[in-house]
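Here's the letter readout for the chains.
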Amino acid sequence: MGSELAVLFRRRRTWVMLLALALIPVLVAVAVRISSAGSSGRGPAFIEQISQNGLFVALVALTICIPLFLPLTVGVVAGDTISGEANLGTLRYLLVSPVGRARLLLVKFVAAMAFCLAATVVIVLAGVLIGAALFPVGPVTLLSGDTIGSGEAALRALLIAGYVTVSLLGLTAIGLFISTLTDIPVGAMAATVVISIVSQVLDSLPQLSALHPWLFSHYWLDFADLLRQPIEWSSFGTNTLLQLAYLAVFGTLAYGRFASKDVLS
Amino acid sequence: MPEGGLAIQTRGLTKVFGRQTVVNGIDLSVPRGSVFGFLGPNGSGKTTSIRMLLGLASATSGEITVLGQQMPKRAGTVLPRVGALIEGPGFYPFLSGTANLRRLDSADRFARTSTRTARVGEALERVGLTHAAGKKVRAYSLGMKQRLGIANALLTPRDLIVLDEPTNGLDPQGTREVRNLVRSLTAEGTTVFVSSHLLAEIEQMCTHAAVMRAGNLVAQGSLDELRQAGQSRVRVLTPDPGPARRVLAELGLAVEVDADGRETHPLDGESVTAPLDAGNWVDGPIDAGTRTDRPLDPERIVAALVAAGVRVRGFAVERASLEDLFVALTGEGFDVAQ
Ligand SMILES: Nc1ncnc2c1ncn2[C@@H]1O[C@H](COP(=O)(O)OP(=O)(O)O)[C@@H](O)[C@H]1O
Ligand SMILES: [Mg+2]
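Residues numbered from 1 in each chain as written. Chains lettered and ligands numbered in written order. Predicted model: local features only at pLDDT ≥ 70, side-chain atom pairs only at ≥ 80, totals over all residues. Heavy atoms only, no water.

Once that is clear, we can look at the overall build of chain B. A count of helices and strands for chain B gives eleven helices and 14 strands. The buried share among the 338 residues of chain B stands at 48%. When contacts within chain B are restricted to residue pairs at least 6 apart in sequence, those whose partners lie at least 24 apart make up 69%. On chain B, roughly 16000 Å² of surface is accessible, and the fraction owed to carbon and sulfur atoms is 51%. (Helix = DSSP H or I, 4+ residues; strand = E, 2+ residues; numbered from the N terminus. Buried < 20%, exposed > 50% of the residue type's maximum accessible area, 1.4 Å probe, protein only. Contact = heavy atoms within 4.5 Å. Areas by Shrake-Rupley, 256 points an atom, 1.4 Å probe, with all protein chains shown as cover.)

And the structure:
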């Protein structure tokens, strides 16, 4: 496991992706800072609040990253898990080392989730830091109108990072499964990203509303519920259950596929 | 483990890809302590067989025993005792040689963490890569990667080492080093199973061999046994080729017509050849008392020729070389077996 994380985080690609994610809150903050000189009353609620409280940069950045940039990087990591090893020719050597196939899948999945957590934390952390640097920071006014201190706000930020990470369980499991189907990592990465986009498109079609609660991306943006007082836990719970269900289904599929697969790469 | 048992045994091992039977019911018997050459042209099914031996691919049918245990059922206990190079090396280009070996070593749960650094260093030294240990594998040449692949097979003491085409991409110096390495491994009691499409390689380092052709196992045994299985032939050099042919035919030999077109010295006349079954005569100590007469003993053939007035200027019984055997078994030229 340690070795798996070492391989993942010693790779330049991993750092480039994390850096790119960190740049997004920076871009948001700088853009707001420049434009707020001649401020108007328009723009989304969150963005309005940034100039009053820098901590909101993190929230805006997350909202921007969730639909595309996060799935993109998660798709790269999850899609690469098995197919990447197959492509390098290292899969056969890992398996004769020997690593049991179930154990390899598990380790790969946990490592991919570690990346999801790192990615989310990087966005939140970069957002908080740049926000604090460019804007005033003070007690945070929640969506429910209550006000909390900075300590409590930091806790909420962590909770949100946790929520977003949990939200990515389903997509990571899908990516892992797709990765067992092919020896071409780029294909698996692209397929995973496309699936996340399709899910979001379906989620935006009102005609399919019966389907919506079953889409793994349905609750992605509901992390805002953690900004109410008292905290609205129901979306957290529903989302976690849904993600675990996706994990169970695609984890089983991945195992079923990989356990009996001929490794010919 | 019984001494002198089999390191690898397969029965009816078969692999079918779609409609193509790539490995067709092979029965391998690899004795412990041997250097076993797995010989066959490209595409004859060597790598596919090795993948099945190591549990990477499932057999369509047949049974596999490696180090006395069933594969792939007992892979977890068998594979830690097996080192392998399969169809070329596979490494992370963005890691150094050392980091790659450490990674693969840590994947083996039986490998001791405390000795890892020492073992990795030793394996690198054995394949002559110490100077490049810290370089990223991306910057390795093909031959260096191949050496690193062999080092990976040597990370822990093994009972069996499987090397699939180990000298691919190596220069003559590297090839010689591999040969010496294999020799030192057997000295330690390791069984080495090495595949190759080059006979010379097998002949120089192996004690036993098996020959594959288009998925079939066409010969197997110690090198001496294989040599004996080859066709011997008698060669007569004579200025009287016509009578010589007649005499040989009368003895029941199938005279070959210009078998190999070998150039002869003008004074020797022509070369007349006929295949000679080893079973028809015995060499060894000639003991007049117990020995029954065989009409096809070489000396009888000479006597018959001389009696018929054939001027015999040269006579030889030629044993088949392994190369003759290999060519006879697998066909000549560069055809990829289908
Ligand atoms: N993944 C595969 N799918 C279908 N056929 C394959 C596959 N891999 C190898 N083959 C076929 O199996 C045969 C034997 O291949 P291989 O075992 O690699 O031969 P060798 O190692 O002796 O050169 C070849 O004819 C090849 O075309
Ligand atoms: Mg091969």
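With respect to spatial proximity, the complete set of residues near ligand 1 consists of L264(A), F17(B), Q20(B), V22(B), P41(B), N42(B), G43(B), S44(B), G45(B), K46(B), T47(B) and T48(B). What surrounds ligand 1 is not a single chain but chains A and B. For ligand 1, an oxygen atom lies 2.6 Å from a polar atom in the backbone of G43(B). Within the contact set of ligand 1, an oxygen atom lies 3.2 Å away from a backbone nitrogen or oxygen of S44(B). For ligand 1, whose free accessible area comes to 560 Å², the fraction covered by protein is 67%. Looking at the shell around ligand 1, the elements with two or more residues in it are strand 2 (20–26) and helix 1 (46–53) of chain B. The biggest single contributor to the shell around ligand 1 is helix 1 of chain B, with three residues. (Near = heavy atom within 4 Å. Polar contact = N/O pair within 3.5 Å; in protein donor to acceptor, adjacent residues only side chain to side chain.)

Opposite the 25 residues of chain A that make contact, chain B presents 32 residues. Carbon and sulfur atoms make up 57% of the surface buried where chain A meets chain B, a total of about 2400 Å² over both sides. If you sort the residues of chain A by the area they bury against chain B, R92(A), Y93(A) and V96(A) come out on top, with a joint share of 26%. Seen at the junction of chain A and chain B, the total is two salt bridges. With a shortest N-O distance of 3.0 Å, R103(B) and E85(A) are connected by a salt bridge. Broken down by secondary-structure element, the contributors of at least two residues to the side of chain A that touches chain B are helix 1 (2–9), helix 5 (69–88), helix 6 (90–96) and helix 7 (101–134) of chain A. If one sorts the elements of the side of chain A that touches chain B by residue count, helix 6 of chain A sits on top with six residues. (Buried area = accessible area lost by both parts, 1.4 Å probe. Salt bridge = Lys/Arg side-chain N within 4 Å of Asp/Glu carboxyl O.)

For the rest of this paragraph, the subject is the packing of helix 9 (residues 169–179) of chain A against helix 10 (residues 185–204) of chain A. The relative placement of two packed helices is expressed as an angle between their axes plus a distance between the axes. Residue and element names in this part refer to chain A. Where helix 9 meets helix 10, the closest approach of the two axes is 9 Å, and the angle between their N-to-C directions is 145°. As for how helix 9 packs across helix 10, the hand of that crossing is right-handed. Residues L171, I174, G175, I178 and S179 of helix 9 touch helix 10, and the partners they reach there are A188, A191, T192, I195 and S196. Taken together, the residues that form the contact of helix 9 with helix 10 break down as six nonpolar, four polar and no charged. (Axes fitted to C-alpha atoms, helices over the stretch in contact; angles between N-to-C directions. Left-handed = near helix turned anticlockwise from the far one by under 90°. Nonpolar A, V, L, I, M, F, W, Y, C, P; charged D, E, K, R; others polar.)

Let us look at the environment of D183(A). Residue and element names in this part refer to chain A. With respect to the element layout, D183 can be found in the loop between helix 9 and helix 10. The exposure class of D183 is partly exposed, given its relative accessible area of 33%. Sequence-distant contacts of D183, that is, excluding residues within four places in its chain, are made with S83, A86, N87, K261 and S265.

What follows deals with the environment of T190(B). Residues and elements named next belong to chain B. With respect to the helices and strands, T190 occurs in the loop between helix 6 (172–187) and strand 9 (191–196). What makes T190 buried here is its relative accessible area of 4%. As for T190 and V66, which are separated by 124 residues in sequence, their C-alpha atoms are 13 Å apart. What T190 contacts, discounting residues up to four positions off in sequence, is G33, S34, R158, D159, L160, I161 and L185.

Here we take up a positive patch on the surface. Taken together, R10(A), R12(A), R102(B), K136(B) and R138(B) make up a surface patch of like positive charges. Mapped onto the elements, R102(B) comes out in helix 3 (residues 97–107). (Patch = residues over 30% accessible without salt bridge, like charges linked within 9 Å, V, L, I, M, F, W, Y side chains within 5 Å. Lys, Arg positive; Asp, Glu negative; His and termini not counted. Charge placed at Lys NZ, Arg CZ, Asp CG, Glu CD.)

You can see R156(A) is positioned in helix 8 (residues 150–167). Residues within four places of R156(A) in sequence aside, it is in contact with L142(A), I148(A), L226(A), L227(A), R228(A), Q229(A) and I231(A).

The next thing to look at is the packing of aromatic side chains. Summed over all chains, the structure comprises ten aromatic pairs over all chains. Measuring from ring centre to ring centre gives 5.4 Å for F216(A) and Y246(A), while their planes differ by 75°; the resulting arrangement is edge-to-face. With F216(A) in the loop between helix 10 and helix 11 (234–259) and Y246(A) in helix 11, this pair connects stretches of sequence that are 30 residues apart. Of the two residues examined, F216(A) and Y246(A), each falls in the buried class. With a centroid separation of 5.6 Å and an interplanar angle of 10°, the aromatic rings of F36(B) and F193(B) are classed as stacked. Here F193(B) lies in strand 9 and F36(B) lies in strand 4 (residues 35–39), a separation of 157 residues in the sequence. (Phe/Tyr/Trp six-rings, centres within 6.5 Å; stacked < 30°, edge-to-face > 60°.)

Quick look at the side chain of E85(A) now. As for its position among the elements, E85(A) is in helix 5. Here the side chain of E85(A) touches T90(A) through a polar contact of 2.6 Å, side chain to side chain. Beyond its immediate stretch of four places on either side in the chain, E85(A) contacts E4(A), D80(A), T90(A), L91(A), L94(A), K108(A), Y92(B) and R103(B).

Here we take up helix 9 (residues 241–250) of chain B. Residues and elements named next belong to chain B. Among the residues of helix 9, those classed as buried are P241, A244, V247 and L248. The arc enclosing the buried residues of helix 9, seen along the axis, measures out at 125°, which places them on a common side. What points out from helix 9, more than 90 degrees from its buried face, is the exposed set R246 and E250. (Arc of directions from axis to C-beta.)

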